[in-house]
Amino acid sequence: MKNTRIMAAALLIVGSGLTLAAAQAQQPGLQRTDLLQHDLSVPAREVDQVRVDFDPGAVSIKHSHPGEEVAYVLEGSLEYQLEGRSPVTLHAGETLFIPAGVAHVAKNVGSGSASELATYIVEKGVPLVVPVE
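Note that the coordinates shown come from a computational prediction; the quantities given were computed from them, not determined experimentally. (Residues numbered from 1 in each chain as written. Predicted model: local features only at pLDDT ≥ 70, side-chain atom pairs only at ≥ 80, totals over all residues. Heavy atoms only, no water.)

**Q** I'd like a description of the overall build of the protein chain, backed by residues and values.
**A** When helices and strands are tallied, the protein chain shows one helix and 10 strands. Along the protein chain, helices (α) and strands (β) appear in the sequence α-β-β-β-β-β-β-β-β-β-β when read from the amino end. Counting every position in the protein chain, which comprises 133 residues, the buried fraction comes to 32%. Considering only contacts in the protein chain between residues 6 or more positions apart, those separated by 24 or more positions represent 67%. If you sum the accessible surface of the protein chain, you get close to 7,800 Å²; carbon and sulfur atoms cover 60% of it. (Helix = DSSP H or I, 4+ residues; strand = E, 2+ residues; numbered from the N terminus. Buried < 20%, exposed > 50% of the residue type's maximum accessible area, 1.4 Å probe, protein only. Contact = heavy atoms within 4.5 Å. Areas by Shrake-Rupley, 256 points an atom, 1.4 Å probe, with all protein chains shown as cover.)

**Q** An account of the side chain of T119 is requested, with residue identities and associated values reported.
**A** By the element assignment, T119 lies in strand β9 (residues 114-123). A polar contact is formed between the side chain of T119 and the side chain of Q49, at a distance of 2.9 Å. Those residues in contact with T119 that sit more than four places away from it in its chain are V47, D48, Q49, E68, E69 and V70. (Polar contact = N/O pair within 3.5 Å; in protein donor to acceptor, adjacent residues only side chain to side chain.)

**Q** Describe in detail the environment of A114, supporting the description with residues and values.
**A** Secondary-structure assignment places A114 in strand β9. For the pair formed by A114 and L30, sequence separation is 84 residues and the distance between their alpha carbons is 9.8 Å. The contacts of A114, once residues within four sequence positions are left out, are V52, D53, F54, E75, G76, S77, L78 and N108.

**Q** Mind laying out the pattern of salt bridges, listing which residues take part and the relevant values?
**A** In the structure shown here, the tally under the stated rule is five salt bridges. Each of R51, D53 and E75 takes part in salt bridges that share partners, so that together they form one network. (Salt bridge = Lys/Arg side-chain N within 4 Å of Asp/Glu carboxyl O.)

**Q** With reference to specific residues and values, describe a nonpolar patch on the surface.
**A** A cluster of nonpolar side chains, L40, V42 and I121, forms an exposed patch at the surface whose accessible area comes to about 210 Å². Note on placement: L40 falls in the loop between β1 (30-39) and β2 (45-54). According to the relative accessible area criterion, L40 is partly exposed, its value standing at 33%. (Patch = residues over 30% accessible without salt bridge, like charges linked within 9 Å, V, L, I, M, F, W, Y side chains within 5 Å.)

**Q** Quick rundown of the pairing of β1? Include the residues and the values.
**A** Two faces make up the sheet, and in a regular strand the side chains alternate between them. Summarising the sheet, β1 and β2 pair through nine bridges and their orientation is antiparallel. Bridge pairing in β2 places T33 opposite R51. (Pairing = 2+ DSSP bridges.)

**Q** Go over the sheet that holds β2 with me, naming the residues and quoting the values.
**A** The five strands lie next to each other as β1-β2-β9-β4-β7, forming an open sheet whose pairing is antiparallel. Strands at the two margins of the open sheet, each flanked by one partner only, are β1 and β7 (95-98). The mean angle between the axes of side-by-side strands here comes to 15°, regardless of whether they run parallel or antiparallel. (Axes fitted to C-alpha atoms, helices over the stretch in contact; angles between N-to-C directions.)

This is the structure we're talking about:
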């Protein structure tokens, strides 16, 4: 009986992670490409790099991360709205630091496609993207 409960809990945990990943992958107008995941010398921390491609007019969900993010715009123009701050628009070659746990949204405000390189310094073993309502 105890083993059954442990197995059920494990399946729920794995299933919830897959559901979040599926939701991110299916978000209209956004394509995420995982580039790097590597342990850091700081215990329980890792670095992740992700390329995010935005179709014209695409908007991310409101979300946060379990660590810091450095966003570098590769092409196009992206508007970032960090909770409690005025929106900022970045163009190719510009960067933005997003503190851990700060809810934010990114939107392609240019006339064509846009892309960012997102570098995260995060806690290991927790979801990289946390949806916020």
